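For reference, the chains in residue letters:
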Amino acid sequence: MTAAAGLGKDLTGLEPLSADQIRLILDTAEPFKEVSERQIKKVPALRGKTIVNLFFEASTRTRISFEFAEKRLSADTVNVAAVGSSVSKGETLVDTARNLEAMRIDMVVIRHGSSGAARFLGDRINSNVINAGDGKHEHPTQALLDMLTLRDRFGRLEGLKIAIVGDVLHSRVARSNIWGLTKLGAEVAVCGPYSLLPRGIEEMGVTVLPRVEDAIQWADALNVLRLQLERMTAGFIPSLREYNRVFGITSERLKRAPRDLLILHPGPMNRGVEIDSDVADGEHSVILPQVTNGVAVRMAVLYLLAGGRPGSPAAVQGAEP
Amino acid sequence: MRPILLRGGRVIDPASGRDEIADVLLLAGKVEAVGQGIGTPDDAEVMDASGRIVAPGFIDLHTHLREPGQEDLETIATGALAAVAGGFTAVCAMPNTDPVCDNQGVVGFVVSQAQRAGKARVYPIGAVSLGQRVSSWPNSAELVGAGAVAVSDDGHPVPSSHLMRTALEYANVFGIPVADHCEDMSLAEGGAMHEGIVCTRLGLKGIPSAAEEIIVARDIILSELTGGHVHLCHMSTRGSVELIRRAKDKGLKVTAEACPHHFTLTHESCEGYNTNAKMNPPLREAADREAIREALRDGTIDAIATDHAPHHYDAKEREFDQAPNGIIGLETAFALANSELVGAGVLTLTGLVERMSTMPARIFHLPGGSLAKGAPADVVLLDPEAEWTVNPAEFRSRSRNTPFGGRSVRGRAVMTIVRGQVVFQLS
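Residues numbered from 1 in each chain as written. Chains lettered and ligands numbered in written order. Predicted model: local features only at pLDDT ≥ 70, side-chain atom pairs only at ≥ 80, totals over all residues. Heavy atoms only, no water.

Visitor: Just to check I follow, could you spell out the overall build of chain A for this structure?
Guide: Counting secondary structure elements, chain A contains 12 helices and nine strands. In terms of overall dimensions, chain A is globule-like: its C-alpha atoms have a radius of gyration of 19 Å, near the 20 Å expected for 321 residues. Dimensions of chain A, computed from the C-alpha atoms along their principal axes, are close to 55 × 45 × 35 Å. Looking at chain A residue by residue over its 321 residues, the buried ones come to 56%. Across chain A, contacts joining residues at least 24 apart in sequence account for 73% of those joining residues at least 6 apart. Accessible surface for chain A amounts to roughly 13,300 Å². Of this, 50% is attributable to carbon and sulfur atoms. Computed over 39 positive and 38 negative side-chain charges, the separation of the two mean positions in chain A equals 2 Å. (Helix = DSSP H or I, 4+ residues; strand = E, 2+ residues; numbered from the N terminus. Rg over C-alpha atoms; globule rule 2.2 N^0.38 Å. Buried < 20%, exposed > 50% of the residue type's maximum accessible area, 1.4 Å probe, protein only. Contact = heavy atoms within 4.5 Å. Areas by Shrake-Rupley, 256 points an atom, 1.4 Å probe, with all protein chains shown as cover. Lys, Arg positive; Asp, Glu negative; His and termini not counted. Charge placed at Lys NZ, Arg CZ, Asp CG, Glu CD.)

So this is what it looks like as structure tokens:
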């Protein structure tokens, strides 16, 4: 890898990254997988670094995954949630960030309800900023862990056919997956009711498949998006029951697939809505391996942004015997 | 007041079909004479206008002056100064102030603050609905009596078709237009930018062109029903242009305006979550921008208006979906029109003066917009060749929110005269 293949200061999304940079993250994640399998799950790579996890939106999986990644790299971490912080007193995002930076932090992991919030922050502070999900824009580490999981199972991403099924309109996971997968040579289709597909999505290099049966015939893997329950009251779909009937991933539907389909889901799942339990818990589901890979991918991102050199054995060597 | 003789400029006055090198004599607040070799009255101030365009002052049909209520963003005095610096001799002030301009007290206040400022003329626009919210009306006769020249709920559409219908009927009594901000709120609610590929990429909620076009269509239909004069504010889509063109072919009393940002920029300017490119209606696609240009050329859109909307720096220094809509425009409008429309061969200079002065005066029934003998001595001297770079720090406006900072433009007002007095001179 050349020096130019570093990641830059921030990870705001996969759109700005090159294929080489994405591959660098995935490759760097490989050795970190093993760290989490050790008795002592800790390496000193980020010792002395201070990281703030700034979560303006509720999150369980992503926040805990980042926190484990940080702790397993020996960073010092602080969690800030919007509720109970000065944000609920009306402090602006930029003021919150500048105050944190005044305490001499090294990195900020931000989850925010507004698209562009991570980039907004990254443009205004010197610390590294990692986007843990901004509005409907991007959720790059989720897409990276999806891609790592796909690569684990298929041994490659080039030429794979991935269908993203569900509420693409409101999904940052979908956008990051589209950028990442297409840059690495996979074919991507989106599938869902037209009321939940953004206009012009084809211009992002994806195929639109109107029926879930078509997606099942076409794809090697399905990435099933969470259907936010409030979409029903907002008039995007008539009912959850009907959504399941027309777009739900059921074992009945999967039986007609020409090959075994790998099933991904970013969580949290609505069982019986976008995905049936027997599929989610079935033999082709990689939903839990995705979560495991999430820690490794986030360790890789943190390590690279902190200036770590890819492929350095020091990254995964423990400090203590 | 000394008479002013503007000597040797290129006089462009579309109202009288004039485009020639001539002198202009201003006397007692009126245009006294236009022609070659006008004698100099004894006490006249003689100014060399050679190399300059001499035109009737620009008139902005759509300005937000923020006073009363948000004087930290703009006052009538700073807005009127920004106006004359941009070559405008009159601006129409939208009523979405605090309190709303929905009674003769506020109308009178705007008029008296403008007189005190003594720069551009300021014509208040009254609200269509009380507080711009409820479906009951202000006393229109009192609004007009106090100086209102039109009614509008700008910032919001007139919400119901019934209210729009009756407003058009009632405004007919006074011969004033109802200026509508066309936006179907059920389609646009929560939208942050134009619905298209850029908004899909950025993950923002889009405002479809249909949101504007549905209300444009409604207003045209209601104009036909009532015979009332509907004025369509800040048109931004190619579909709106088509609807207006058809309405005009039918001879309906429909007029329309477009803003410099809509004939200059596209939704691509929102890339990087640039909040200074966030406005409502939003920046649209290249095909929309072309349609707006063509509509300004062929007269489907009558006037160029700024939608000057001051906002505080902090308010724009926010997450994109949290930032307010709008940009200021008084000090850049002429340069953009000159660079983008005249420079690209869309309009002649005569056509530009028509869209920025003659037509605005005509469709809102305002004084000015003409250099005929007896017209108000509201005149602008323009240097259409002046090249300059937009520097928001130099604005006279109290706000700085513009997407045009750093842009190289051509054309500038060098002197502005209102009521026969020089109120602005470029240093």
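Now, onward.
Visitor: Teacher, can you tell me more about the interface of chain B and chain A here?
Guide: Often the size quoted for an interface is simply the accessible area lost on bringing the parts together. Of the residues lining the interface, 16 residues belong to chain B; the matching set on chain A comes to 24 residues. Contact between chain B and chain A buries roughly 1,600 Å² in total, counting both sides, with carbon and sulfur atoms accounting for 52%. Area buried by chain B at its contact with chain A is led by T200, R201 and E319 of chain B, which between them contribute 34% of it. In this assembly, chain B and chain A are joined by three salt bridges. Across the pair R199 of chain A and E195 of chain B runs a salt bridge whose closest N-O atoms are separated by 2.9 Å. For the interface between chain B and chain A, the tally reads nine residue pairs in polar contact (both at pLDDT 80 or more). The residue inventory of the side of chain B that touches chain A, partitioned by class, reads four nonpolar, five polar and seven charged. (Buried area = accessible area lost by both parts, 1.4 Å probe. Salt bridge = Lys/Arg side-chain N within 4 Å of Asp/Glu carboxyl O. Polar contact = N/O pair within 3.5 Å; in protein donor to acceptor, adjacent residues only side chain to side chain. Nonpolar A, V, L, I, M, F, W, Y, C, P; charged D, E, K, R; others polar.)

Visitor: Would you explain helix α5 (residues 140-154) of chain A in this entry?
Guide: Note: α-helices contain 3.6 residues per turn, so residues at a spacing of three or four share the same orientation. All names here are of chain A. With 15 residues, α5 extends 21 Å between its outermost C-alpha atoms, agreeing within 8% with the 21 Å of an ideal straight helix rising 1.5 Å per residue. Most of α5 sits out of view: 12 of its 15 residues are buried. Every buried residue of α5 is listed here: P140, T141, Q142, A143, L144, L145, D146, M147, L148, T149, L150 and R151. Two residues or fewer after α5 comes G155, characterised by a positive phi angle close to 80 degrees. (Expected span 1.5 Å × (residues − 1).)

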